[in-house]
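In case you want the letters, here they are:
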Amino acid sequence: MSMKRRDFLKTAFLAGALTGLGLEPFSSLAAKGKRDTARKMIILGFDGLDPHLLEIFIRQGKLPAFARLWREGDFKRLGTSIPPQSPVAWSNFITGTDPGGHAIFDFIHRDPQHYLPTFSASKTEEAKKTISLGNLVLPLSGGEVTLLRRGKAFWQYLEEYDIPATVFKIPSNYPPAPTKQRTISGMGTPDILGTYGIFNFYTTTTAEVQQDIGGGRIHNVYVIGNQIEAKLPGPVNTFKKDRPETYIEFKVYLDPVNPVAKISLPGEEFILREGEWSGWKRVEFPLIPTQSVSGICMFYLKQVRPEFKLYVSPINIDPAKPALPLSTPESYSRELAAKFGPFFTKGLPADTSALDSDILDDREFLIQDDFVLEERRAIFEYELKRFESGLLFYYVSSTDQRQHMFWRLLDKNHPAYDERLAKEFGRAIEHIYIEVDRILDKAFSRVDKNTILMVMSDHGFSPFRYAFNLNTWLKENGYLSLINEWKQGEEDFFLNVDWHRTKAYAVGLNGLYINQKGREAEGIVPAKEKEALVREIARKLESFVDPATGERPVRRAFVTQDVYHGPYTQEAPEIILGYNQGYRVSWASPLGRIPKKIIEPNREKWSGDHCMDPAVIPGILLTNRPIQAKFPQLFDLTATILQTFGLPQPPEMRGKPIFKEESWAKPK
Amino acid sequence: MGKAKVKLDKDLLEKIKKYAEISGYSSPEEFITHCLEKELAKLEESDSEEEIKKKLKGLGYIS
């Protein structure tokens, strides 16, 4: 194979760079191009794995693979992002920058023209050119989904040097960044409705109907002659002028004697016993005669009598027929689906909303989360087996989701602690640590002297006992004004806010914005007065004391101009709040509701969290090499990847390699 | 541009004429058009708010 001039220059540069570092040149280690690198990296990303808990479980002898990695290599706390939210933290890792370099500041951003929250991770636009034919609207050009994360991903750098990478489910990569590498999107991937996930629940219990449940729809159904007729809602039909919601009709036949039901979908029938899950079922939503959308969902027959209760999971994008982009190459999701059948594609796979709203109980949620784990384990073993060179990144979400939902049963001081449930499910978090220990154990089988094995998490965890209504604090301190005082707490989206008398407002989980003249639609704070105001608010927030506990809910109020670097710093919120242990922003504040009390107890099942001060919830870093860096941070790992493969570090990357230059070849 | 006639109560029409003049509109039609556009904008906005809520609700971190 002939080498192009560009390839020759790259190889020449690499050889020079490595010789300078005292390492054996890359080419002499039999790196002959794609799929033939001698140096290898396996990185396991366990979302939210907490160093404090990890150390306890290791010392108790429950995590032999982690103990081995620590013994043979190193274990340190890993500095997380500001704020320590997964989309932000993983973007730090992906790009080697901080939010000023990748423009992801929160799960939720805001549109300054309308003060409305927006998705931070991606933007979906419908076809700009359409043609109307009767009641039909036919697109003349394709719609578009755009990844809003800026900056180049580390696997794109590797690709430039023909170093292969497989990146499985890394968050903040939906739609997947263009590359020839094998990638599949993770957190940020929507369900088929384009949402973070909406389940459907069918019940004859009238008390359960009409509830405004976050992340779910409840349908009232009637049993007539042991038969139920129902509809499963699908995506909006953009091919029709009035954009009706699509749906498929299905029937449920109840056994007159036994707690069993037959579910009849178009083209498929199956029988479920009470308490049984269906496994994945394909559902097809017709749009126009030549077009339909395919999704996958699971049915769970919760109860047959006296009241009927049927849960249907959020409808995931079908990896075998993806209606939206899921992977690079496009065929990768189909390849996995052909080998393993349907699998969870929604970014946050386990249905925490269903557990939080008591549609699923603790046991049922854990069963569903076990399905996620089983799938992940099987695909991991497949990828591990065929891993020959370059880099393999593998991600597990269950560590994060279980800690969010079950922290209440670890923490006797939590407002949602329940002694009876703690006896039964108090070890749910410990169990997930044991599960990922088994995944790590498998990884050891592919590690040789030329392989770096790394386990990392994006942040740790902390109890979430008290909810801080940041917009209410702003109001109480004279920075935010209402139109009608008597309507306080009733409306989302700042509908009751008098913008002409409002200097600051909060959107998202950690962000606070100044209502700046010329930037916000009804901004009043001149640019020249902004900095003084920002510092004044930050100072006051840090000195605020919760009268009930005597603690400071806000440990740090970071002024983003001070802590971010890079071209997107100007787009950031002015202040990022770093909450103290036990505190987090309230449930209402992120979408612009202003409840009456500043602090409220958190009685929800969602009881552990990490949207706090980065200093109180570092992540974990274990490797099979000694870690030279005293306080390694997420963006240091990106620099380490480039160093491992002998690539130059681009100037926009903030991090520094965590290993001594020659240490990678010398395991302890 | 196509036009359509709309029937209004006589008393209401008189009020519209009076306030259109006081407010400086060039005609009652302009005043009515402006009022309707404002109301429609509100409705369209609330649609998008509902849409946002629906999209974000499953996130777990918010209610």
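Bear in mind that the values here come from a model prediction, so they are computed numbers and not experimental data.

Novice: Explain the overall build of chain A here, please?
Specialist: Each helix and strand in chain A was counted, giving 16 helices and 32 strands. Taken over the C-alpha trace, chain A has a radius of gyration of 26 Å; the compact-globule value for 668 residues is 26 Å, and the two agree within 12%. Overall, chain A is about 80 × 60 × 60 Å in size when its C-alpha atoms are taken along their principal axes. Across the 668 residues in chain A, those meeting the buried criterion constitute 50%. Considering only contacts within chain A whose residues lie at least 6 apart along the sequence, 66% involve residues at least 24 apart.

Novice: Quick question: what am I supposed to make of the overall build of chain B here?
Specialist: The helix and strand tally for chain B stands at two helices and zero strands. Expressed as a percentage of its 63 residues, the buried residues of chain B come to 16%.

Novice: Would you mind going over the packing of helix α9 (residues 362–385) of chain A against helix α10 (residues 398–406) of chain A with me for this structure?
Specialist: Helix-helix packing is characterised by the crossing angle of the two axes and by the distance between the axes. All names here are of chain A. Close contact between α9 and α10 brings their axes to 11 Å; oriented N to C, the two are set at 170°. As judged from the angle between their axes, α9 and α10 are roughly antiparallel. In this structure, α9 meets α10 at a crossing whose hand is left-handed. Every residue of α10 that contacts α9 at Phe365, Asp369, Val372 and Leu373 is listed here: Ser398, Gln401, Arg402 and Met405. Its residues placed into classes, the contact of α9 with α10 shows four nonpolar, two polar and two charged.

Novice: For this particular structure, what's the right way to read the packing of helix α3 (residues 64–72) of chain A against helix α12 (residues 428–444) of chain A?
Specialist: All names here are of chain A. Interaxial distance between α3 and α12 falls to 7 Å at its minimum, and their mutual angle equals 55°. The angle between α3 and α12 falls in the class oblique. Residues Pro64, Ala65, Phe66 and Leu69 of α3 touch α12, and the partners they reach there are Asp437, Leu440, Asp441 and Phe444. Tallied by class, the residues present in the contact of α3 with α12 amount to six nonpolar, no polar and two charged.

Novice: Looking at this structure, I do not really get the interface of chain B and chain A. What am I missing?
Specialist: At the interface, 13 residues of chain B touch 25 residues of chain A. Here the side of chain B that touches chain A is built from residues that sort into five nonpolar, three polar and five charged.

Novice: How should unusual backbone geometry be read in this particular structure?
Specialist: Residue and element names in this part refer to chain A. The linkage connecting Arg305 with the following residue, Pro306, adopts the cis geometry, with an omega of 0°. Take Pro306: it is sitting in the loop between β18 (291–303) and β19 (309–312). The residue after Thr328, namely Pro329, is reached through a cis peptide bond having omega -20°. Position of Pro329 relative to the elements: it lies in the loop between β21 (327–328) and α7 (331–340). With a phi close to 60°, Tyr115 is a non-glycine residue in the positive phi region. Following the sequence through the fold, Tyr115 ends up in the loop between β3 (108–111) and β4 (116–119). For Tyr115, a count of 21 C-beta atoms within 10 Å corresponds to the buried category.

Novice: So what exactly am I meant to see when it comes to the confidence of the model for chain B here?
Specialist: Do not read the predicted coordinates in detail wherever pLDDT is low. With 83% of its residues at a pLDDT of 70 or more, chain B shows a mean pLDDT of 80. The complex prediction reports pTM at 0.89, with the ipTM value standing at 0.78.

Novice: What is the right way to read the pairing of β4 of chain A from this model?
Specialist: Regular strands show a simple pattern: their side chains alternate between the two faces of the sheet. Residues and elements named next belong to chain A. Relative to β4, β3 is paired through four bridges, and the arrangement is antiparallel. Within β4, the position partnered with Arg110 by the bridge is Pro117. Linking β3 to β4, which pair antiparallel, is a turn of four residues; within it Tyr115 sits at a positive phi near 60°.

Novice: Just checking my understanding: could you explain the sheet that holds strand β13 (residues 227–236) of chain A for this structure?
Specialist: All names here are of chain A. The strand order across the open sheet built from four strands is β13-β14-β15-β16, with neighbouring strands paired in antiparallel fashion. In this open sheet, the two strands that pair with only one neighbour each are β13 and β16 (268–273). Taken over all neighbouring pairs, the strand axes of this sheet differ in orientation by 25° on average, direction set aside. Note: strand β14 (residues 245–254) against strand β15 (residues 260–265), four bridges, orientation antiparallel. From the neighbouring strand, Tyr253 faces β15, where its bridge partner is Lys262.

Novice: I would appreciate a short explanation of the environment of Ser86 of chain A in the present structure.
Specialist: Residues and elements named next belong to chain A. Residue placement: Ser86 occurs in helix α4 (residues 86–95). You can call Ser86 buried: it has 27 C-beta atoms within 10 Å. Residues Ser86 and Gly48 lie 38 residues apart in sequence; the distance between their C-alpha atoms is 8.3 Å.

Novice: Sorry, what's going on with the environment of Val304 of chain A here?
Specialist: All names here are of chain A. Tracing the sequence through the fold places Val304 in the loop between β18 and β19. Residue Val304 is classed as buried on the basis of its C-beta count, with 21 C-beta atoms lying within 10 Å. Along the chain, Val304 and Ala422 lie 118 residues apart, while their C-alpha atoms are 28 Å from each other. Ignoring anything within four residues of it in the chain, the contact list for Val304 reads Leu254, Pro259, Ala261 and Glu274.

Novice: What's the story with α7 of chain A in this structure? I'm lost.
Specialist: Every α-helix carries 3.6 residues per turn, so stepping three or four residues along brings you back to the same face. Residues and elements named next belong to chain A. Among the residues making up α7, those that are buried are Ser333, Leu336 and Ala337. Seen from one end, α7 has its buried residues packed into an arc of 100°, which puts them on one side. Among the exposed residues of α7, those pointing more than 90 degrees away from its buried face are Ser331, Ala338 and Lys339. Looking at the packing, one finds that the buried side of α7 touches β10 (182–184), β21 and α9.

Novice: Explain the sheet that holds strand β28 (residues 575–579) of chain A here, please?
Specialist: Consider a sheet: its strands pair through backbone hydrogen bonds, and that pairing is either parallel or antiparallel. All names here are of chain A. Spatially, four strands are ordered β25-β26-β28-β27 in an open sheet, and the strand pairing comes out antiparallel. Since the sheet does not close on itself, it has two edges, and those belong to β25 (504–507) and β27 (554–559), each with one partner. Averaged over all pairs of adjacent strands, the angle between strand axes in this sheet comes to 30°, irrespective of strand direction. Note: strand β26 (residues 511–514) against β28, two bridges, orientation antiparallel. When the bridges of β28 are listed, Gly511 appears paired with Ile576. Seen against the sheet, helix α14 (residues 527–543) touches β25, β26, β27 and β28 and runs at an angle of roughly 165° to β27.

Conventions we followed
Residues numbered from 1 in each chain as written. Chains lettered and ligands numbered in written order. Predicted model: local features only at pLDDT ≥ 70, side-chain atom pairs only at ≥ 80, totals over all residues. Helix = DSSP H or I, 4+ residues; strand = E, 2+ residues; numbered from the N terminus. Rg over C-alpha atoms; globule rule 2.2 N^0.38 Å. Buried ≥ 20, exposed ≤ 12 C-beta atoms within 10 Å, placed from the backbone. Contact = placed C-beta atoms within 7 Å. Axes fitted to C-alpha atoms, helices over the stretch in contact; angles between N-to-C directions. Parallel < 35°, antiparallel > 145°, perpendicular 65-115°, else oblique. Left-handed = near helix turned anticlockwise from the far one by under 90°. Nonpolar A, V, L, I, M, F, W, Y, C, P; charged D, E, K, R; others polar. pLDDT = per-residue confidence, 0-100. Pairing = 2+ DSSP bridges. Arc of directions from axis to C-beta.

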